[in-house]
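# Close look at the chain arrangement
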Protein chains: 2
Amino acid sequence: MKNRKLYMQIYDYYKNLIESGKLPEGSKLPSIRRCSNERNVSKTTVEQGYMCLCDDGYILPKSQSGYYVSKRGNAMKKAEIKNENKQEKSHILYDFASAGVDAESFNMDIWRRYVKSALRQTEKLLFYGEPQGEYDLRKEIANYARETRNCVCTEENIVIGAGVQTLLNILCPLLKGKKTVCFDDLSYRQGTAIFTDYGFRVTDNREKSNIIYTSPSYSTRWGDIMSVKDRFDLTEHARITGKLIIEDDYGSEFRYFNRPTPSLQGLDGGENIVYLGTFSKLLLPSIRISFMILPQSLINEYNKKKHLYNQTVSKADQIALCSYIRDGHLNAQIRKSRKLYMQKSKILTDLLVENFGKNVEILKTNSPLYVRCKFNINLSTEDLCRMAENQGILLIPANSRKDFPEIAFSVASVGIESLENAVKTLKNVVRNS
Amino acid sequence: MKNRKLYMQIYDYYKNLIESGKLPEGSKLPSIRRCSNERNVSKTTVEQGYMCLCDDGYILPKSQSGYYVSKRGNAMKKAEIKNENKQEKSHILYDFASAGVDAESFNMDIWRRYVKSALRQTEKLLFYGEPQGEYDLRKEIANYARETRNCVCTEENIVIGAGVQTLLNILCPLLKGKKTVCFDDLSYRQGTAIFTDYGFRVTDNREKSNIIYTSPSYSTRWGDIMSVKDRFDLTEHARITGKLIIEDDYGSEFRYFNRPTPSLQGLDGGENIVYLGTFSKLLLPSIRISFMILPQSLINEYNKKKHLYNQTVSKADQIALCSYIRDGHLNAQIRKSRKLYMQKSKILTDLLVENFGKNVEILKTNSPLYVRCKFNINLSTEDLCRMAENQGILLIPANSRKDFPEIAFSVASVGIESLENAVKTLKNVVRNS
């Protein structure tokens, strides 16, 4: 974070030179090394500054040669297009609707160390990985899923892939004879799209389907969970009717309790349930490692076909994650994030009460990632969200009433230090409504 | 490479202790740190040794606790199963049929440096990447494809994914109304499987198809290329009939000439051709980064749907590859590999002539990765390959005759220092036939 200013200084410096015409089209910028020496900053910082200039069309890289000032017209046009795209997002100061993670919660240094160590295992990296995922990593994931999610599994049931969609691409062709899938949440387009691509009928009617796709740990956008009774009923329904449940365990990691509600897969014994888990929320969204646990019948089908599918996660990342979990860092990371989110939720709750007094009622959530409340004001939820967005605050609408609006806040992406200003801005929004 | 002995020493040491019963079930092994200190070797070396012990079932990791000797019965059973699986491969001394790469040709240090630098860009890594792939990387890939493969493209045409199959998972649903695909090589099951999964009919009859999947740079297993005339004929045929060509440019990188035969995509102008390229051969097979170039009509379809598909390549790898290409390392790597493969092919050719004299006839290949020859002996190609395999030599059969067997050798995975022994072993095989 602290480098931001440095690379933005480089960005601003050259941007000004280019916009003022002092650096005309075709001029070469100093090499990254030279600029780094001259300014006594790291090469990475210079590169970041140059990348931003590239992004905004001011300069162009030439292969093996360096960076050159682009056509001014081109540059301006690019910049305009970029700005247009960014417009909606760039004025957002406080994103309480984010699916990102908190920069402070992830210890990048530790992860970097593990990737570095993995990249030293040159011999292993010379060959294609196992299609199903590295054996050692599958073992660690099986332990993890058994311990934290009560899953019934061994390394033999686990398939690793670069994201949930990649795993669905492997799963869909295995589901013979089952052609209608019910999504509890049809707005999860990234899930429905894959099934549609494979010719499945997608519905929200459980009765008329033979596959049920559900996220019991994320049944609302503010992390409500399916009750244990509903979980039992669902697995019972599936067992009696012979349906397959696909349990997308998104959002299960951050609960107020150390042991979250057990997974459907664990409740049911793993027989007719496919479990999907991901590490994107725990590590970084940009690290693409997910896994699925297949029941025995589907593992048999998978084993017949697995030589046809290449593994999609780089082996180095798999080796790194394996040691990272084995050495206890994943669990430590979960504890650390949970603590941070609890702290932020507490602060946000206090600020809401302090600023809105009896006009606010704090509602229960299952996850420390979210704060939810009802405002005792005469405004629709939709209007409140729109007005807040105009002032740079993104909120999650938690009902669709015309008065007494209910709002959820994700505390993932807003820093502790910004919470106070965010709530004060929101107070002004309400006052001026 | 030089660490192999060290970690195998650790492996052997504990294996012996466990097999002899000196370390009974449930005993805890020293921590990686302690073992590393005691033996004065790196922690990575210890970890590799322990991993091998895990792999073979001698020890089991317990989360956050350490490594324990497993049930002996379990251990032995595991070991047997493993051995059974490895049996076929483990006796192979000289793999001339490999699709791997040469350990010596890839400078891991440089790649490691770029990944490290990418992992320092924490702010970028906090968010999900662009579904299509990072803009900067797409720009570098567009340059690369234009310069080395004559492709007609910009960054807007390029989609990045974790392997060719992942890209086909995005492509297949875009191909509306085209439902029969012709594979020049039906034995490429990893390609045909994806199309079959999406309900396409797969055939080897070009006339009866509306999509043609072809690898013009790899029309045989020893890297024969499609002639320029055939390339023109094919693109012409596709244009007249309105067919779509999918050009899988596998194996185009290593040619005797600096500029290999232009891609179909380049010849045709990019209108009705999808181009697939991969970096697995250039970097390491375990680094999963591929790309496709879509023609304008398909890019329009893709843009409508791209928000539905998450990117599958970790952002750090994308950032690393972008800088790696930009700084000229990819081109340097290609030159270096080509030089190494030419040297190895030359040595192998000389050894064959030296050892087999007038009983061998060296045949032309297009790629320095391969040596091909005809043996003037009374043996079928099949028998020669089988007998060679029994002596630890894997060969590529290059015809199916009953005498005058033709053989291709991939020099990728066999080290220079092993070539002489390999050819001498082969000479004995032929002598004893």
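All values derive from a computational prediction rather than experimental measurement.

Ranked by size, the top nonpolar core spans 155 residues in total, and within it W111 and F279 of chain A together with W111 and F279 of chain B carry the most contacts. Discounting chain neighbours no more than four positions away, the residues touching W111 of chain B are L119 of chain A together with F106, L283, I287, D317, A320, L321 and Y324 of chain B.

Let's shift gears to the side chain of D197 of chain A. Here D197 of chain A shows up in helix α9 (residues 189-197). Residue classification places D197 of chain A among the buried positions, given a relative accessible area of 15%. Residue contacts for D197 of chain A: discarding those within four places in its chain leaves P173, Y198, K305 and Y309 of chain B.

Strand-to-strand pairing in sheets goes through backbone hydrogen bonds, with the strands running parallel or antiparallel. Residues and elements named next belong to chain A. Read from one edge of the open sheet, four strands run β11-β12-β15-β14, paired in antiparallel fashion. In the strand order of this sheet, the two ends are held by β11 (360-363) and β14 (396-397), each with one partner. Taken together, the two bridges between β14 and strand β15 (residues 406-410) define a ladder with antiparallel strand orientation. Bridging across to β15, P397 finds its partner in I407. Contacting β11, β12 (370-375) and β15, helix α14 (residues 329-356) runs over the sheet at an angle of about 15° to β12.

Across the boundary between the two partners, chain B contributes 73 residues, which contact 74 residues of chain A. Together, the buried faces of chain B and chain A total about 7100 Å²; carbon and sulfur atoms form 49% of this surface. Three residues stand out in chain B for area buried against chain A, namely L126, Y128 and R326 of chain B, and they jointly supply 10% of the buried area on that side. A salt bridge links D197 of chain A to K305 of chain B, with the nearest nitrogen and oxygen atoms 3.0 Å apart. For the pair chain B and chain A, the number of links is 27 residue pairs in polar contact (both at pLDDT 80 or more). A total of seven residues in the side of chain B that touches chain A trace back to one element, the largest contributor, which is helix α5 (residues 108-119) of chain B. Across the side of chain B that touches chain A, the residue classes break down as 31 nonpolar, 21 polar and 21 charged.

This part is about unusual backbone geometry. Residues and elements named next belong to chain A. In this model, N150 sits at a positive phi of 60°, which is unusual for a non-glycine residue. With respect to the element layout, N150 can be found in the loop between α7 (135-149) and β4 (158-161). Of note in this structure, F404 is not a glycine but carries a positive phi near 45°. Here F404 is to be found in the loop between β14 and β15. With a relative accessible area of 34%, F404 lands in the partly exposed category.

Residue and element names in this part refer to chain B. Read from one edge of the open sheet, seven strands run β4-β10-β9-β8-β7-β5-β6, paired in mixed fashion. On the outer flanks of this sheet lie β4 (158-161) and β6 (201-203), each paired with one strand and no other. Neighbour to neighbour, the strand axes of the sheet diverge by 20° on average, direction disregarded. As paired elements, strand β5 (residues 180-183) and strand β7 (residues 211-214) share three bridges and run parallel to each other. Directly across from C182, in β7, lies its bridge partner I212. Helix α7 (residues 135-149) contacts β4, β9 (273-278) and β10 (290-293) of the sheet and is inclined by roughly 110° relative to β4.

All names here are of chain A. Domains assigned within chain A are domain 1 (2-74), domain 2 (94-104 + 334-431) and domain 3 (130-310). Of note, the centres of domain 2 and domain 3, computed from C-alpha atoms alone, are 30 Å apart. Across the boundary between the two partners, domain 2 contributes 21 residues, which contact 20 residues of domain 3. Taken together, the two surfaces of domain 2 and domain 3 that pack against each other cover about 1800 Å², and 59% of this comes from carbon and sulfur. Summed over the three residues of domain 2 that lose the most area to domain 3, namely I334, R338 and N366, the buried surface amounts to 33% of that side.

What follows concerns helix α16 (residues 416-431) of chain B. Residue and element names in this part refer to chain B. Along its 16 residues, α16 runs 24 Å from first to last C-alpha, staying within 8% of the 22 Å computed at 1.5 Å per residue. Taken as a whole, α16 has its buried residues at L419, A422, V423, L426, V429 and V430. Projected down its long axis, α16 shows its buried positions confined to an angular sector of 115°, all on one face. The exposed residues of α16 that point more than 90 degrees off its buried face are E417 and R431. Of the surrounding elements, those touching the buried residues of α16 are β3 (94-95), α14 (329-356), β12 (370-375), α15 (381-390), β13 (393-394) and β15 (406-410).

This part covers helix α12 (residues 296-305) of chain A. When we look at burial in α12 of chain A, the residues that qualify are L298, I299, Y302 and K305 of chain A. Looking straight down α12 of chain A, one finds that the buried residues subtend no more than 125° of arc, so they occupy a single side. Structurally, α12 of chain A contributes buried residues whose contacts are with β4, α8 (164-171), β8 (244-248) and β9 (273-278) of chain A together with α9 (189-197) of chain B.

What counts as what
Residues numbered from 1 in each chain as written. Chains lettered and ligands numbered in written order. Predicted model: local features only at pLDDT ≥ 70, side-chain atom pairs only at ≥ 80, totals over all residues. Heavy atoms only, no water. Core = buried A, V, L, I, M, F, W, Y, C linked by side-chain atoms within 4.5 Å. Buried < 20%, exposed > 50% of the residue type's maximum accessible area, 1.4 Å probe, protein only. Contact = heavy atoms within 4.5 Å. Helix = DSSP H or I, 4+ residues; strand = E, 2+ residues; numbered from the N terminus. Pairing = 2+ DSSP bridges. Axes fitted to C-alpha atoms, helices over the stretch in contact; angles between N-to-C directions. Buried area = accessible area lost by both parts, 1.4 Å probe. Salt bridge = Lys/Arg side-chain N within 4 Å of Asp/Glu carboxyl O. Polar contact = N/O pair within 3.5 Å; in protein donor to acceptor, adjacent residues only side chain to side chain. Nonpolar A, V, L, I, M, F, W, Y, C, P; charged D, E, K, R; others polar. Domains from an automatic or database assignment. Expected span 1.5 Å × (residues − 1). Arc of directions from axis to C-beta.

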